[in-house]
Amino acid sequence: MQVSDEIKSRLDIVDVIREYLQLKPVGSNFTAFSPFNREKSPSFMVSPDKQIWHCFSSGKGGDVITFVMEMEGVNFVEALRILAPKAGVTLQKQDPEKASKRNKLLDITQIAVNFYHQNLMEAEEAEPARKYLQERGLTEETLMDWQIGFSFNSWDDLVSLLRRRGYKDEDIVAAGLANRRKQSPGIYNRFRDRIMFPINDFYGNPVAFSARVRPDKEEEEVLGKYINSPQTFIYDKSRIIFGLDKAKTEIRNEGVAVLAEGQMDVITAHQAGFKNVVASSGTALTRDQLQLIKRYSHNIVLAFDMDQAGQMAIDRVVREAFPLEMNTKIASLPSGKDPDDLIKNDPEAWKKAVSEAKHVMEHYFDKITSEVNIEEIEGKKEAVKRLLTIINLMNSRIERDFWLKRMSERLDVSEEALREALTNSKKAQAPSYQQQSPSEENPPPEQAPPQSRGEMLSQELLALLLIFPGFWEYVFSRAYLDHIVGAENKTFYKNLVLYYNRITSSDKEGNFSYQELKDFFRKEINSQATADNQLQLLNKLVILSEKNYYNLEEPRAKNEILKILLELKKEYISRRMKEIERTLAEAEKEGEKERVQELMTELNKLSRELNDQEGK
């Protein structure tokens, strides 16, 4: 078994896609809104039975590997790397010379994680770091689970190790683990004499580090308490949520993500059993990061300090979360307590603070009304202006209506006046929200190529045949290849006839197997590109059949097939008549009397046949 087949056999496509999309059951399948286009009704379908998916709005489809390739923008090998840990499959190490850039940097970073972690757990030099982490309450199990490590006070130990493993200096620098010397050739370790916290991507692959100075050397350190990996090919800090790889399942189960500010807050929370806590890796939370969280829950609770920096962080989150229609709340922590301290000293107080978190708009009501005198007209106007600026960020009309009513009650201002003020403020801000014209930086949504009526009817017929193979002989004896519209559909129909002839002449007595049909396409179609296209069409047709006909009984299915056959024959006759009319005009122009007579005879015959068909 190939490693890709082993990965697919161990994974349920529904579980993987659920990490990206909110799936809803429809019959025996699942549906969701397309991740590739904006749409009013869901066109994305998943078949658990066949382990395939298809998006009817964009035309994309395939298996669990192609889904990850599409969503993550990675190639086949990189998709395998993402899925292998989920499937419990170990990928064979690649030759550094042949590995892709991304895989090479991921391998380098993983080696560094193992190296630093072994240092922390075993080296005598790391004793002060181990003592500090123990004093912070971290257990040995937690150190192992988060792969926390320690970098020696060495200029080249990691660099030398990676060179021995076959990696070049430029790759080590590209991974963010070394700097180039300024005065002489060569490179040196970026991280030295620090506690190392690996930063993982969404799938648990280490992509960067946050490095804390040893506590006993804080006063000597000139670079700062923490230094982090630079932006690299595999590490974009605006798209990474610290701890999300470990928290995503619990976020879905709990229905809420708790956002803390520091990495120690997250690690302590998980150790205490609060495993839906994540952090933004020391940066302002971005829309991309919120989109990652939104895959699992629309609800977020902010557990930030209530100082000036904390308020600025809340403002930034709100600016990104409200347009995404994320329900945003704030946990009120005891004064002077951060999540790390509160969880260690009073876990029940932490649990209460999260469960009783209030909506961020209530926070703004309390904050703004405490800063201005709403009993005076100027103070009231200022409060209205500031609160409307926040409400303006909301996409949901229901939410806006709710908070305008609440605002009217709190400020003693009529709803009508507030709505008028909101409308005016929206008009004033309109230019900054105008839709940009499509460009390379802002491409239009991907759409499936438009299909003709004949192509759609042909695919409906093929889809019905896949779910009702008992009608194959009936259809094959009535529908000619020319009746099928679309080059790919014609090829599929022809291959389906060949497959039918194969199984009816064998011992299988005409039994149809989806997997055998796939294998038949792979073996019998000489062109790899054609085979791939036909397999993709097969998956689309299977999804289409289960989407439209999964609960259809045979008598109704036969009626549907008859109607489609009739429409396809009428379309064929109409097409053929138009072709004859064009040829007839040319023959008359050239004075070909016999040819004109033949064409007229065929045209009259087709005309009578069309009238007969329309009368049915």
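From a predicted model like this one, the values you see are computed outputs, not experimental measurements. Residue positions are counted from 1 within each chain, in the order its sequence is given. Residues qualify for local features only when their pLDDT is at least 70, as the model is predicted, and side-chain atom pairs are given and counted only at 80 or more; totals for whole chains, interfaces and linings, by contrast, use all residues. Hydrogens are left out, water is left out, and the side-chain values use all remaining heavy atoms of the structure.

S.K.: Pulling in residues and values, what's your account of the overall build of the protein?
M.R.: Strands are runs of DSSP state E lasting at least 2 residues, helices are runs of H or I lasting at least 4, and numbering of each runs from the N terminus. Each helix and strand counted, the protein has 26 helices and 16 strands in total. Using C-alpha atoms as the atom set, the radius of gyration is obtained and then compared with a globule rule of 2.2 Å times the number of residues to the power 0.38. For 616 residues, the compact-globule formula gives about 25 Å, and the C-alpha radius of gyration of the protein, at 32 Å, lies well above that figure. Across its three principal axes, the protein shows a C-alpha extent of roughly 105 × 75 × 50 Å. Across the 616 residues of the protein, 47% fall into the buried class. Looking at the protein alone, contacts between residues at least 24 apart form 63% of all its contacts between residues at least 6 apart. Entry remark: accessible area of the protein is about 32200 Å², with carbon and sulfur atoms responsible for 46%. For the protein, the separation between the mean place of its 88 positive charges and that of its 98 negative charges on side chains is 2 Å. Here the term buried applies to any residue with accessible area under 20% of the maximum for its type, exposed to any over 50%, and partly exposed to those in between, with areas from a 1.4 Å probe on protein chains only. Note on definitions: a residue-residue contact is assigned when non-hydrogen atoms from the two residues lie within 4.5 Å. Note on areas: these come from Shrake-Rupley sampling with a 1.4 Å probe, and a residue is covered only by the protein chains present in the view. Charge assignment: positive for Lys and Arg, negative for Asp and Glu; neither His nor the chain ends contribute. For the purpose of locating charges, the reference atoms are NZ of Lys, CZ of Arg, CG of Asp and CD of Glu.

S.K.: With reference to specific residues and values, describe the sheet that holds strand β6 (residues 149-151).
M.R.: Backbone hydrogen bonds hold the strands of a sheet together, and the pairing may be parallel or antiparallel. Overall, antiparallel pairing links the 4 strands, which are arranged β6-β9-β10-β11 in an open sheet. Across the chains shown, the open sheet's two edge strands, defined by having one partner strand only, are β6 and β11 (226-228). Neighbour-to-neighbour, the strand axes of this sheet turn through a mean angle of 35°, independent of strand direction. Relative to strand β9 (residues 194-200), β6 runs antiparallel, the two being bridged by 3 bridges. Each bridged residue has a counterpart across the sheet, and for glycine 149 the counterpart in β9 is methionine 196. Angular values range over 0 to 180 degrees, each being the angle between N-to-C directions of two axes fitted as lines to C-alpha atoms, with helices fitted over their stretch in contact. The strands touched by helix α6 (residues 127-135) are β6, β9 and β10 (206-213); relative to β9, the strand with the most contacts, the crossing angle is about 65°. A pair of strands is labelled paired if DSSP reports no fewer than 2 bridges between them.

S.K.: Requested: an account of the pattern of salt bridges, with residues and values cited.
M.R.: What counts as a salt bridge is simple: a side-chain nitrogen of Lys or Arg found within 4 Å of a carboxyl oxygen of Asp or Glu. This model, assessed by the stated rule, comprises 40 salt bridges. Of the charged contacts, one joins lysine 344 and aspartate 340 as a salt bridge, the two residues approaching to 3.6 Å between their closest N and O atoms. Highlighted residues: lysine 344 and aspartate 340, both in helix α14 (residues 339-345), separated by 4 residues, approximately one helical turn. Since its relative accessible area comes to 37%, lysine 344 is described here as partly exposed. Look at aspartate 340 and you get buried, because its relative accessible area is 2%.

S.K.: Tell me what's going on with the sheet that holds strand β16 (residues 358-359), and back it up with residues and numbers.
M.R.: Ordered in space as β13-β12-β14-β15-β16, the 5 strands form an open sheet in which the pairing is mixed. In this open sheet, the two edge strands, each paired with only one partner strand, are β13 (277-279) and β16. As defined by bridge partners, strand β15 (residues 327-330) adjoins β16 across 2 bridges and the pair is classed as antiparallel. Among the inter-strand pairings, isoleucine 330 is bridged to a residue of β16, identified as lysine 358.

S.K.: Give a description of the packing of helix α1 (residues 3-10) against helix α4 (residues 76-87) that names residues and reports values.
M.R.: Relative orientation and spacing of two packed helices are given, respectively, by the angle between their axes and the distance between those axes. α4 packs onto α1 with a crossing angle of 45° between their chain directions and a minimal axis gap of 10 Å. Regarding the angle of α1 to α4, the classification is oblique. Crossing handedness for the pair α1 and α4: left-handed. Taken together, the residues of α4 that come into contact with α1 (itself represented by Val3, Ser4, Ile7 and Arg10) are Phe76, Leu80, Leu83, Ala84 and Ala87. All amino acids are sorted into three groups, where Ala, Val, Leu, Ile, Met, Phe, Trp, Tyr, Cys and Pro are nonpolar, Asp, Glu, Lys and Arg are charged, and the leftover types, Gly among them, are polar. When grouped by side-chain class, the residues that make up the contact of α1 with α4 number 7 nonpolar, 1 polar and 1 charged. When describing relative orientation, an angle under 35 degrees is termed roughly parallel and one over 145 degrees roughly antiparallel, while 65 to 115 degrees is termed roughly perpendicular and anything else oblique. The hand of a helix crossing depends on one turn: near helix anticlockwise from the far one by less than a right angle means left-handed, and clockwise means right-handed.

S.K.: Account for helix α10 (residues 244-254), with residues named and values stated.
M.R.: Spacing of three or four residues puts side chains on the same side of an α-helix, whose turn is 3.6 residues. Along α10, the residues classified as buried are Leu244, Asp245, Ala247, Lys248 and Ile251. One face of α10 carries all of its buried residues, which in axial projection span an arc of 135°. Along its buried surface, α10 packs onto α4, β9, β12 (257-260), α11 (263-271), β13 and α12 (287-294). When we speak of the arc, we mean the arc of directions from the helix axis to the C-beta atoms.

S.K.: I'd like a rundown of helix α25 (residues 554-590), residues and numbers included.
M.R.: Take the residue count of a helix, subtract one, and multiply by 1.5 Å to get its expected span. The end-to-end C-alpha separation of α25 is 53 Å, in line with the 54 Å expected for 37 residues at 1.5 Å each. What α25 keeps buried is the set Ala557, Ile561, Ile564, Leu565, Leu566, Leu568, Lys570, Ile573, Met577, Ile580, Leu584 and Ala587.

S.K.: Run through the nonpolar core, naming residues and quoting values.
M.R.: What we call a nonpolar core is a set of buried Ala, Val, Leu, Ile, Met, Phe, Trp, Tyr and Cys residues that are connected through their side-chain atoms within 4.5 Å. With 76 residues, the main nonpolar core has Phe44 and Ile300 as its most contacted residues. Those residues in contact with isoleucine 300 that lie beyond four places of it in its chain are Val256, Ala257, Leu259, Leu290, Ile293, Val317, Ala321, Met326, Asn327, Thr328 and Lys329.

S.K.: Pulling in residues and values, what's your account of unusual backbone geometry?
M.R.: Negative phi is the rule for most residues except glycine; trans is the rule for most peptide bonds. For glutamate 325, which is not a glycine, the phi torsion comes out positive at approximately 60°. Topologically, glutamate 325 is positioned in the loop between α13 (308-321) and β15. Phi at aspartate 412 takes a positive value of approximately 60°, unusual for a residue other than glycine. As for its position among the elements, aspartate 412 is in the loop between α18 (397-411) and α19 (415-429).

It is worth stressing that arrangement in space is one thing and function is another; only the former is reported here.
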